[in-house]
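Commentary on secondary and tertiary structure
Each chain, letter by letter, is given below.
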Amino acid sequence: MATTATTPRPVTKGGSFLVESRKPEEVFTPADLSDDHRLIGQTAEEFVTNEVLPLAHDLEEKKAGLMPSLLKKAGELGLLGGGVPEQYGGSGLDKISSTVLAEKLSVYASFAVSHGAHAGIGTIPIVYYGTDEQKKKYLPKISSGEWLSCYCLSEPQAGSDAQNLLTTAKLTPDGQHWILNGQKMWITNGGFADVFIVFAKVDGEKLSCFIVEKGYPGFKAGGEEKKMGIKGSSTVPIFLDNCKVPKENLLFEIGGGFKVAVNTLNVGRFNLGAYCLGGAKNALAATAKYAKERKAFGKSLADFGLVREKLAEMTIRIFAVESMIYRSAGMIEAAMDAAHGAADKTQELMRVLEEYAIESSISKVYGSEALDFVVDEAVQIYGGYGFHEEYPVARAYRDSRINRIFEGTNEINRMLMVDMLLRRAVKGTLPVFAAATKLAAEVLAGPLLGGGEPKGPFGQEEQAVANAKKTFLLAGGQAAQKYREGLKDQQEILGAMANMLMETYAMESCLLRTQKAVAARGQAAVHAMVDATRVFIYDAADRVEKEARTVLAATFEGDTLRTQLAVLKKFHKRDGVGTVALRRNVAAATLTGDRYPFEGR
Ligand SMILES: Cc1cc2nc3c(=O)[nH]c(=O)nc-3n(C[C@H](O)[C@H](O)[C@H](O)COP(=O)(O)OP(=O)(O)OC[C@H]3O[C@@H](n4cnc5c(N)ncnc54)[C@H](O)[C@@H]3O)c2cc1C
């Protein structure tokens, strides 16, 4: 499944969106997807729709052997080996293709989760950290689906606090085996997997990673957990009781486990956002159709303003997630292309995984929260039937909830993204302090603070994006100066900073995509997208302002606070936008095709 090369884009640093501005033509958007990308998406979507979804009832009832047989079938079609290089039996998909694949597999969430555990977090550690022998032994069978895999980090007492895990690994006196002892918890695919990526502490201290096979002595998978959602997926505890693992199955180096875990999760988190994007589009499509068919008070539900408002907002949030995810995928792919020429390619590719950790966390958090919003409104529009298991949105609602919990909870990811940004600022790899100093000079200079009169067709939106960045620098910068090292203990402030960061990235990604679309096709052809962007940016700017007020009020009081709030107000002075009328236009676009209207645009 080869893919065509896409237009080269500049390599940009992760997190640089906050302190740099980009031109529309520099960002990747869904309109840039090649025929090959689209074909991959179509193959994935058709497979899940035709082969998996009809079996959903049996899968939810945990019919023995069914999910593994479907994963193997996906392997035969080449849908499992995207992350595996061709020399090891995979298809070596580029980042954009694997994003499309993840998105389109999400027709049935339990399958998407099982796919992610196998082809994502269950495969990446071997691809990036395995020796040539380990790659040759495991990757061909993992990409074909002959062997299914999973990722075992969490333990009963250590989920978010993964470094606190208790599983130990000790080398036998003859140096030939590792003896693993401990328990893993909530392992996706654990009930049927053949290969387990297990994290354990060598001599109880050095966090390390091991490849464990099902048949090793002392290995046992526990019974299936009874879950709220994604019931078609397998989630079990794993018991390691003097489990004997060959010495050559240490993955990477002793003490290198944290690096493996974190970088793997960066990829998993990014993909999780793509799965959420696909799930949200599916829920929107079903709901738009239902809203037209269902009658009340002699009309279709879709004729009511409050229903149209919901459909519009569902569409707009999906648009924001999609714009960010494909922009990030384009950035990651450009960096990976550049890394292929490096002297130490593997080392450089690992660095790329770390580089876009902020964007990966944003994909996970914003994507999962948008999906939760969308499925919640879907149930609302379905009314009483939304509460029935026979209708599709009840399952979508239940299935959505896990996304805010696994792959690092959204709270942990919020703190991570700000922490990473501040670290890069301190190290000087991102010019955040220079931007903050420039802003301070601007504040002192006074009258044109906020940008003056907006110019051009997107003048107000461009200004809102620029001011959102300044708002983050103003409020976040003041909080960082006041609390210094202690900022890490001010989680509410970090959470508000993360929200500003995500909204800012979303605002800019929507705007750049829309400007690119207008330049390519003319405003009339993409008028609903323009309207969605105007609404999103108008509302998101309010959210940014509100978060900044929270941060400033937690940082200052009295006259100093008043002065800071007055500066903030200048950044958010703008004309009103007729969001009611614009949302009606967006809803009309969704209802025209009974689906998300900006697909591939
Ligand atoms: C269905 C399912 C599948 C899963 N699949 C896998 C898998 O395949 N492999 C795997 O290794 N794990 C897996 N997990 C585990 C999952 O990653 C953890 O549940 C998750 O990381 C949260 O850990 P926890 O459950 O221990 O919650 P806790 O860490 O106890 O957190 C509980 C709450 O406290 C908050 N919290 C915790 N620490 C902090 C902090 N420092 N600051 C602020 N808030 C905090 C959290 O955000 C959360 O809201 C799965 C879980 C489920 C339910």
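First, a word on scope: everything that follows refers to the structure included in this document. (Residues numbered from 1 in each chain as written. Predicted model: local features only at pLDDT ≥ 70, side-chain atom pairs only at ≥ 80, totals over all residues. Heavy atoms only, no water.)

Side note on the packing of helix 8 (residues 257-293) against helix 11 (residues 357-382)
Closest axis-to-axis distance for the helix 8/helix 11 pair is 8 Å, and the angle between their directions is 20 degrees. Taken together, the axes of helix 8 and helix 11 are roughly parallel relative to one another. The crossing of helix 8 and helix 11 is left-handed. (Axes fitted to C-alpha atoms, helices over the stretch in contact; angles between N-to-C directions. Helix = DSSP H or I, 4+ residues; strand = E, 2+ residues; numbered from the N terminus. Parallel < 35°, antiparallel > 145°, perpendicular 65-115°, else oblique. Left-handed = near helix turned anticlockwise from the far one by under 90°.)

Description of the site of the ligand
Surrounding the ligand, one finds 21 residues, the nearest of these being Ser154, Ser160, Trp186, Thr409 and Glu411. Ser160 places a polar side-chain atom, nitrogen or oxygen, 2.6 Å from an oxygen atom of the ligand. With respect to the ligand, the side chain of Thr188 contributes an N or O atom lying 2.8 Å from a nitrogen atom. Relative to its unbound accessible area of 970 Å², the ligand is 68% covered by the protein chains. Elements with a contribution of two residues or more to the shell around the ligand: strand 1 (149-152), strand 3 (177-188) and helix 13 (410-427). (Near = heavy atom within 4 Å. Polar contact = N/O pair within 3.5 Å; in protein donor to acceptor, adjacent residues only side chain to side chain. Areas by Shrake-Rupley, 256 points an atom, 1.4 Å probe, with all protein chains shown as cover.)

Some thoughts on helix 4 (residues 95-104)
Counting buried residues along helix 4, 10 of its 10 residues qualify, which places the element largely inside the surrounding structure. Inspection of helix 4 places Lys95, Ile96, Ser97, Ser98, Thr99, Val100, Leu101, Ala102, Glu103 and Lys104 among the buried residues, and these make up the whole buried set. Where the residues of helix 4 are buried, they touch helix 1 (35-52), helix 5 (109-121), helix 8 and helix 9 (305-339). (Buried < 20%, exposed > 50% of the residue type's maximum accessible area, 1.4 Å probe, protein only. Contact = heavy atoms within 4.5 Å.)

Here's the deal with the pairing of strand 7 (residues 235-246)
In terms of strand pairing, strand 3 meets strand 7 through 9 bridges, oriented antiparallel. Bridge pairing in strand 7 links His177 to Pro246. Alignment of strand 6 (residues 219-221) against strand 7, held across 3 bridges, turns out to be antiparallel. Looking at strand 7, one finds that Phe219 is bridged to Leu240. (Pairing = 2+ DSSP bridges.)

Points about the environment of Asp161
Looking at the secondary structure, you find Asp161 in the loop between strand 1 and strand 2 (168-171). C-alpha of Asp161 to C-alpha of Lys488: the two residues are 327 residues apart in sequence and 16 Å apart in space.

Focus: the nonpolar core
Counting 167 residues, the largest nonpolar core has Leu180, Phe199, Val212, Met507 and Phe536 as its most contacted members. Considering every element that reaches this core, the biggest residue donor is helix 9, with 18 residues. Leave out the neighbours within four places in its chain, and Met507 touches Ala464, Val465, Ala468, Phe536, Ile537, Ala540, Ala541 and Val544. Among the nonpolar cores identified, the runner-up in size contains 25 residues, and Phe47, Leu59, Leu79 and Ala112 belong to it. (Core = buried A, V, L, I, M, F, W, Y, C linked by side-chain atoms within 4.5 Å.)

So, the pattern of salt bridges
According to the stated counting rule, one finds 35 salt bridges in the structure shown. As a salt-bridge pair, Glu103 and Lys281 come within 2.7 Å of each other at their nearest N and O atoms. With a gap of 178 residues between them, Glu103 in helix 4 and Lys281 in helix 8 connect regions that are remote in the sequence. The burial state of Glu103 is the same as that of Lys281; both residues are buried. Note that Glu389 is salt-bridged to Arg398, the shortest N-O span being 2.8 Å. Exposure remark for Glu389: the relative accessible area of 49% places this residue in the partly exposed category. Of the residues examined, Arg398 reaches a relative accessible area of 17% and is grouped as buried. A network of salt bridges, in which partner residues are shared, links Glu103, Lys104, Lys281, Glu322, Arg513 and Glu599. (Salt bridge = Lys/Arg side-chain N within 4 Å of Asp/Glu carboxyl O.)

Thoughts on the packing of aromatic side chains
Tallying each qualifying case throughout the model produces 13 aromatic pairs. Pairing Trp178 with Phe210 gives two aromatic rings, centres 5.3 Å apart and planes at 65 degrees, and the pair type is edge-to-face. With a gap of 32 residues between them, Trp178 in strand 3 and Phe210 in strand 5 (residues 206-213) connect regions that are remote in the sequence. Judged by its relative accessible area of 5%, Trp178 falls in the buried class. (Phe/Tyr/Trp six-rings, centres within 6.5 Å; stacked < 30°, edge-to-face > 60°.)

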